[in-house]
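Chains, contacts and geometry: an overview
Here is how the chains run, residue by residue.
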Amino acid sequence: MRKSNVDDASFDEPRDHDGFRARRARIGYALGAERLGVSVWELPPGQAAYPYHYHHAEEELLVVLEGTPSLRSPDGWSELAGGDIVSFPRGEAGAHQLLNRTDRVVRFIAVSTNGETDVVIYPDSGKLCAAERLPHGGGLHTFFRLADQVSYWEGEQPPVHGPSQ
C-alpha cells in the first residue's frame, strides 16, 4: 500500500501558459495507480485549469476542496463551492472547463478512468488530441486541427507486388 495526503501534495506538473496557469500534483501516478487518475489542482485567481474539452474514452469526476470555481459545461456557466462533486461522462455531454473568477486560490481533486488510449476534443480551438495514458506518464500525446482531416483512403496506394513466390 502507498499513501499520500492532499494537503502535502508534490506538484509535479506546473502549467504556465497565460490564462491557464495552475499547479497539478499527479497523486495517482505517485501512488502507482495504473487505471485510475487522481490529481490535486491549485488554480490561482483569474486562471483556467485547462481549455474547454471532452474525452471519448475517459470519465472524470471533480471534487472542490477550497474556493468557488466557475464551471463551464454544455449547459453554460455555473458556480461551484467547497464540497461540491461534479461528474463528466464520456463524449460531448461531459465537456468541461474550470475557471477561477475569485481573488482566492481554488483547490480541487480530479479523478478519471485511465484507459490505455484517449481521444480528446477541444471545441473552441477545433483540435483533437490522441493520447496514450501510460501508468507512469509519457507516451503518445499529440494534437491535430480537425479542419485538416482527410478521408480514409487519402494517400493510400494498393501494393505494387504481392508476396514473393
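The structure under discussion appears in the preceding block.
Anyway, here's the lowdown on the structure attached to this text. (Residues numbered from 1 in each chain as written. Predicted model: local features only at pLDDT ≥ 70, side-chain atom pairs only at ≥ 80, totals over all residues. Heavy atoms only, no water.)

A separate point is the pattern of salt bridges. Evaluated as defined, the whole model comprises 12 salt bridges. The partner of Arg-26 in a salt bridge is Glu-13, and the shortest N-O contact between them spans 3.9 Å. Taken together, the residues Arg-26 in strand β2 (residues 22-26) and Glu-13 in strand β1 (residues 13-15) connect sequence positions 13 residues apart. By relative accessible area, Arg-26 is classed as partly exposed at 22%. The network of salt bridges with common partners includes Asp-7, Arg-23, Glu-42, Glu-66 and Arg-107. (Salt bridge = Lys/Arg side-chain N within 4 Å of Asp/Glu carboxyl O. Helix = DSSP H or I, 4+ residues; strand = E, 2+ residues; numbered from the N terminus. Buried < 20%, exposed > 50% of the residue type's maximum accessible area, 1.4 Å probe, protein only.)

Turning our attention to the side chain of Glu-42. Here Glu-42 is to be found in strand β3 (residues 36-43). In this structure the side chain of Glu-42 is engaged in a polar contact, spanning 2.8 Å, whose partner is the side chain of Arg-23. Here the side chain of Glu-42 touches Arg-107 through a polar contact of 2.9 Å, side chain to side chain. In this structure Glu-42 touches Phe-11, Ala-22, Arg-23, Val-105, Val-106 and Arg-107, once residues within four positions along its chain are discounted. (Polar contact = N/O pair within 3.5 Å; in protein donor to acceptor, adjacent residues only side chain to side chain. Contact = heavy atoms within 4.5 Å.)

Any functional reading would require information beyond the geometric quantities listed.
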